Amino acid sequence: MRKCSKCKGKMKELTGKTSEGVNYDYFRCNKCNDEILNMAQLHNVAGKYRAMKKFHAKLTKWGLSLGLRIPKELVDKYKLTAEEEVTILPEKGGIKIIPA
Ligand SMILES: [Zn+2]
């Protein structure tokens, strides 16, 4: 059990969510409510942010629609090819692209 560095109270591991929607684990003190992230937790959340940044893409105007450029890493990962048909699924938090 992890102890609080301020009051020596017991710390509980919880999961939070940043304003960008990134889940992360952290410890909160039961006594003084101090919140900390250990190195592994920091590393984890930093990695998620890096991954998010890597997959940022800009929409470009194509007539009345918008075109999305899919990064090479994702093209390779999902074995996508030009002219391939994909399914676009509107979801609550965004749009999902499913390879055919
Ligand atoms: Zn404390």
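These numbers come from a predicted model, not from an experiment.

**A look at the coordination of the zinc ion**
And then number 1: Bound to the zinc ion are the protein donor atoms Cys-4 (SG), Cys-7 (SG), Cys-29 (SG) and Cys-32 (SG), situated 2.2 to 2.4 Å from the metal.
And then number 2: Between the four donor atoms coordinating the zinc ion, the angles at the centre fall across 96 to 118 degrees, so the site counts as tetrahedral.
And then number 3: Counting along the primary sequence, the residues that act as donors to the zinc ion give the motif C-x2-C-x21-C-x2-C. One end of the pair, Cys-4, is in the segment before strand E1 (11-17); the other, Cys-29, is in strand E2 (residues 23-29), and 25 residues separate them in sequence.
And then number 4: On the accessibility criterion, Cys-4 (1% relative accessible area) is buried.
And then number 5: Residue Cys-29 is classed as buried on the basis of its relative accessible area of 1%.

**Focus: the packing of aromatic side chains**
And then number 1: As enumerated under the stated definition, the model contains one aromatic pair in all.
And then number 2: It is Arg-2 that lies over the ring of Phe-27; its NZ or CZ is 5.1 Å from the centre.

**Concerning the pattern of salt bridges**
And then number 1: Taken as a whole and assessed by the stated rule, the structure comprises four salt bridges.
And then number 2: The salt bridge partner of Asp-76 is Lys-72, with a shortest N-O separation of 2.6 Å. Of this pair, Asp-76 and Lys-72 both sit in helix H2 (residues 72-77), four residues apart, which is roughly one turn of the helix.
And then number 3: When its relative accessible area of 42% is taken as the criterion, Asp-76 is described as partly exposed.

**Focus on the sheet that holds E1**
The strands that make up a sheet are held in pairs by hydrogen bonds between backbone atoms, and each pair lies either parallel or antiparallel.
And then number 1: Spatial strand order, E1-E2-E3: three strands in an open sheet with antiparallel pairing. Each edge of the open sheet is held by one strand with a lone partner, namely E1 and strand E3 (35-36).
And then number 2: Here seven bridges tie E1 to E2, and the two strands are oriented antiparallel to one another. Bridge pairing in E2 links Met-11 to Cys-29.
And then number 3: On the sheet, helix H1 (residues 39-54) packs against E1, E2 and E3 and is oriented at approximately 150 degrees with respect to E2.

Rules used throughout
Residues numbered from 1 in each chain as written. Predicted model: local features only at pLDDT ≥ 70, side-chain atom pairs only at ≥ 80, totals over all residues. Heavy atoms only, no water. Donors = N, O, S within 2.8 Å, 3.2 Å for Na, K, Ca; no water. Tetrahedral: all angles 85-135°; square planar, octahedral: opposite > 155°, others 65-115°. Helix = DSSP H or I, 4+ residues; strand = E, 2+ residues; numbered from the N terminus. Buried < 20%, exposed > 50% of the residue type's maximum accessible area, 1.4 Å probe, protein only. Phe/Tyr/Trp six-rings, centres within 6.5 Å; stacked < 30°, edge-to-face > 60°. Lys NZ or Arg CZ within 6 Å of the ring centre and 35° of its normal. Salt bridge = Lys/Arg side-chain N within 4 Å of Asp/Glu carboxyl O. Pairing = 2+ DSSP bridges. Contact = heavy atoms within 4.5 Å. Axes fitted to C-alpha atoms, helices over the stretch in contact; angles between N-to-C directions.

Taken by themselves, the reported measurements are silent on function.
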